[in-house]
Structures are given as structure tokens and as C-alpha cells.
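Notes for the structure review
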Amino acid sequence: MLLGQIVLSLGLIGCAFLVEAFPSLIAGYHMLSKEEKEKIELKKLSLFLKWALIALGVFSLIVYLVLDALELKAHYIFLVNSTIIVLGLVVGSVYAKNKFRKK
């Protein structure tokens, strides 16, 4: 299970660097019109998403290690980690929705 958690965490961190390098990977960004794309501060948005994904990857690995040390069953650890990742992505999306629009 540790190997799976490490792969998941490294996958999130890898996605963080991909989002910074290729901002068109941001969900919905490539479908915006040219005028709508100009209204978004892309550098700030991609930087925010990069650090949010890195934080999620590191935090989920730390939570796994702590819960494993507490000898919780594997399915509880999976449930907690899945919840953390989903909530982190939802909160990050809601925060980023209007925060990075040019005024």
C-alpha cells in the first residue's frame, strides 16, 4: 500500500509541474474563447495550482504515514486520503474560480 501512496503523491506532484509548464492542461481553460482567456491571469493561476497540487501530494503522503503508524485498516486510510484529495481539489477550484480574473 505504501508503494501505491508514493505513486499517487508523485503523480500529484508531477501534475503540478505539468500544469505550470503547460497551462492548457487546466480544466476548461483550452475551451475558453480568446477574449475569455485574456481575462485570466494565467501565470498566477498556474502557480497557484502548482503549489496546491504539491501540497496535496505531500499532505496525502504524510497523512498516510501517520494513519499507518496508528495501525488503521487500509480501507480507512484510503477513505481519508481520498476525501482529503477530493476536498482539496474542490476547495482549490472554488478559490481559483474568481480569484485569478483580471480586473
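All of the points below concern the structure found in this document. None of these values were measured; they are calculated from a predicted model. (Residues numbered from 1 in each chain as written. Predicted model: local features only at pLDDT ≥ 70, side-chain atom pairs only at ≥ 80, totals over all residues. Heavy atoms only, no water.)

1. Section: the nonpolar core
- Counting 19 residues, the largest nonpolar core has L12, V19, I26, L45, L49 and L53 as the members making the most contacts within it.
- When residues of this core are traced back to their parent elements, those giving at least two are α1 (2–21), α3 (42–69) and α4 (74–99).
- The leading source of residues in this core is α3, at 8 residues.
- With residues up to four places along the chain from it excluded, the contact list for V19 reads I26, S46, L49 and L53. (Core = buried A, V, L, I, M, F, W, Y, C linked by side-chain atoms within 4.5 Å. Buried < 20%, exposed > 50% of the residue type's maximum accessible area, 1.4 Å probe, protein only. Helix = DSSP H or I, 4+ residues; strand = E, 2+ residues; numbered from the N terminus. Contact = heavy atoms within 4.5 Å.)

2. Comments concerning the pattern of salt bridges
- A complete count under the given rule lists 2 salt bridges for this structure.
- E20 is the salt-bridge partner of K50, the closest N and O atoms lying 3.2 Å from each other. One end of the pair, K50, is in helix α3; the other, E20, is in helix α1, with 30 residues separating them in the sequence. (Salt bridge = Lys/Arg side-chain N within 4 Å of Asp/Glu carboxyl O.)

3. Let's talk about the environment of V91
- Assignment of secondary structure puts V91 in helix α4.
- Of the residues examined, V91 reaches a relative accessible area of 55% and is grouped as exposed.
- V91 sits 86 residues away from Q5 along the chain, and the two C-alpha atoms are 22 Å apart.

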